[in-house]
Amino acid sequence: MKPSEWLLAAFVAAIWGLNFSFIKLGVAHIDPLLLAALRFALAAFPLLLWIARPAIAWRWLIAYGLAFGVGTWGGVSWALRAGLAPGLAAWLLQSSAFLTPLLAWLWLGEALSRRQRQGALVAGLGFVVVLLSSAGPGSTALGLALMLLAAASLSLANVIVRRSGARAMLALMVWSSLFAAPALLALAVATQGLAPLQALPAQLLSQPVALLSLAFQVYPSTLFGYWVWNTLIARHGAGTVAPVALLVPVFALAFSALIFGTRPGPGQSLGMALIGVGLVLAATRWRWPGTAGRLAGAPPQP
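Residues numbered from 1 in each chain as written. Predicted model: local features only at pLDDT ≥ 70, side-chain atom pairs only at ≥ 80, totals over all residues. Heavy atoms only, no water.

Asks: Looking at this model, I keep getting lost on the packing of aromatic side chains. Mind explaining?
Replies: To describe a pair of aromatic rings, you give the distance between the ring centres and the angle between the ring planes. Following the criterion strictly, the structure yields 11 aromatic pairs and no others. Both rings, one in F20 and one in W73, keep their centres 6.0 Å apart while their planes meet at 50 degrees; by these two values the pair is tilted. Remark: W73 occurs in helix α3 (residues 58-81) and F20 occurs in helix α1 (residues 3-27); sequence separation between them is 53 residues. What makes F20 buried here is its relative accessible area of 6%. For W73, a relative accessible area of 4% gives the class buried. Geometrically, the ring pair formed by Y64 and F68 is stacked, given 5.4 Å between the ring centres and 10 degrees between the ring planes. With a gap of four residues between them, Y64 and F68 both fall in helix α3, about one helical turn apart. (Phe/Tyr/Trp six-rings, centres within 6.5 Å; stacked < 30°, edge-to-face > 60°. Helix = DSSP H or I, 4+ residues; strand = E, 2+ residues; numbered from the N terminus. Buried < 20%, exposed > 50% of the residue type's maximum accessible area, 1.4 Å probe, protein only.)

Asks: Explain the nonpolar core here, please?
Replies: Side chains of a nonpolar character, in soluble globular proteins, are inclined to be buried together. Core analysis: the biggest nonpolar cluster contains 74 residues, and Y64, F68, W73, M147 and W229 have the highest contact counts within it. Looking at this core element by element, the count peaks at 11 residues for helix α10 (residues 208-236). Leave out the neighbours within four places in its chain, and W229 touches A9, V12, W16, N158, V241, A242, V244 and A245. Listed in part, the 10 residues of the second largest apolar core include W91, A97, L246 and L253. (Core = buried A, V, L, I, M, F, W, Y, C linked by side-chain atoms within 4.5 Å. Contact = heavy atoms within 4.5 Å.)

Asks: When you look at a nonpolar patch on the surface in this model, what are you seeing that I'm missing?
Replies: On the surface, a cluster of nonpolar side chains totalling about 290 Å² of accessible area is made up of L185, V189, L194 and L197. Tracing the backbone through its elements, the reader meets L185 in helix α8 (residues 169-192). Classification of L185 as partly exposed rests on a relative accessible area of 34%. (Patch = residues over 30% accessible without salt bridge, like charges linked within 9 Å, V, L, I, M, F, W, Y side chains within 5 Å. Areas by Shrake-Rupley, 256 points an atom, 1.4 Å probe, with all protein chains shown as cover. Salt bridge = Lys/Arg side-chain N within 4 Å of Asp/Glu carboxyl O.)

Asks: When you look at empty space enclosed by the protein in this model, what are you seeing that I'm missing?
Replies: Sizing a probe to match a water molecule and rolling it over the atoms shows the empty space that remains. Per the stated rule, a full pass over the model turns up two cavities of 30 Å³ or more. For the largest cavity, the calculated volume is near 130 Å³. Forming the walls of the largest cavity are 17 residues, and the residues nearest its centre are W16, Q94, L154, Y226 and A245. Breaking the lining of the largest cavity down by element, the ones donating at least two residues are α1, α5 (96-108), α7 (141-164) and α10. Across the lining of the largest cavity, the residue classes tally to 11 nonpolar, six polar and no charged. The calculated volume of the second largest cavity comes to roughly 50 Å³. Elements that contribute at least two residues to the lining of the second largest cavity include exactly α1, α2 (32-44) and α3. Ranked by residues supplied to the lining of the second largest cavity, first place goes to α2 with four residues. Considering only residue class, the lining of the second largest cavity consists of six nonpolar, two polar and one charged. (1 Å grid on protein atoms, 1.4 Å probe; cavity = no way out; pocket = protein on both sides within 12 Å on 5 of 7 lines; lining within 4 Å. Points joined across faces, edges and corners; volume = space filled by probe spheres on them. Nonpolar A, V, L, I, M, F, W, Y, C, P; charged D, E, K, R; others polar.)

Asks: Hey, could you run me through the packing of α2 against α8 in this one?
Replies: The contact between α2 and α8 brings their axes to 7 Å, and the two run at 155 degrees. Comparing the axis directions of α2 and α8 gives the class roughly antiparallel. In terms of crossing hand, the pair formed by α2 and α8 is left-handed. Residue-level contacts link L33, L34, A36, A37, F40, A41, A43 and A44 of α2 to M173, V174, S177, L178, A180, A181, L184, L185, L187, A188 and T191 of α8. Per-class residue counts for the contact of α2 with α8 are 17 nonpolar, two polar and no charged. (Axes fitted to C-alpha atoms, helices over the stretch in contact; angles between N-to-C directions. Parallel < 35°, antiparallel > 145°, perpendicular 65-115°, else oblique. Left-handed = near helix turned anticlockwise from the far one by under 90°.)

Right, here's the structure in full:
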């Protein structure tokens, strides 16, 4: 990827890191699964009235909507309700950065360069360090299992983007949300009954922070973020782009410190440093404006 594309991907990672703080603010007032259902309902309507359906088979739209909407964010919401700490949830979700290249290799035959493998090894070590440093009362067994399921679903969604051949990424996000929202709503009703639906109007009217949380999840995080992200995946491959997602929990901890006053411990700081080194190693090509140099040992882009 070009330096500008790496920076754009990092900006999206910052948005997603901040999104965990907004989710935490939102689920304090609205049922998590219902909040996720509203997120994807608003991502679909009213935009699908003006945005044409992407030129891919319906099965890919349905598969992406279920994998991304229900599997990923339904799993995240359920894990948070099961007692998992939001900061740890952000880190666990990023195991998709290692699962995505593996799935892309198995399904699509996308090979990883030597530098990408080296970078993944170093970043993976940092990821393990962070997890070990984050063990505590927020790591329930059910929450951990749900977050790993969410990470696997996110990896599947990344590869579906590549496999479908989609090019209109905003349209993909909007139309796939049409299938995510009702599935999440059904899951919310199945697990909590009708009580969250009955309480929703009063919650939205009396809690402006809930509306702010919902708006941030829908527009900067879902529509803009995944439009950019999926465009980069379609252009450069899932294995190249996915490791940048490891920056999401770094930003998540930083914003959590600013908003909630939490601070990472020494182990988390060491893990984040290793992740940063791994991401630099995994960058297959860096060409700055006005220079012809490339990172030593990096293979040329196809």
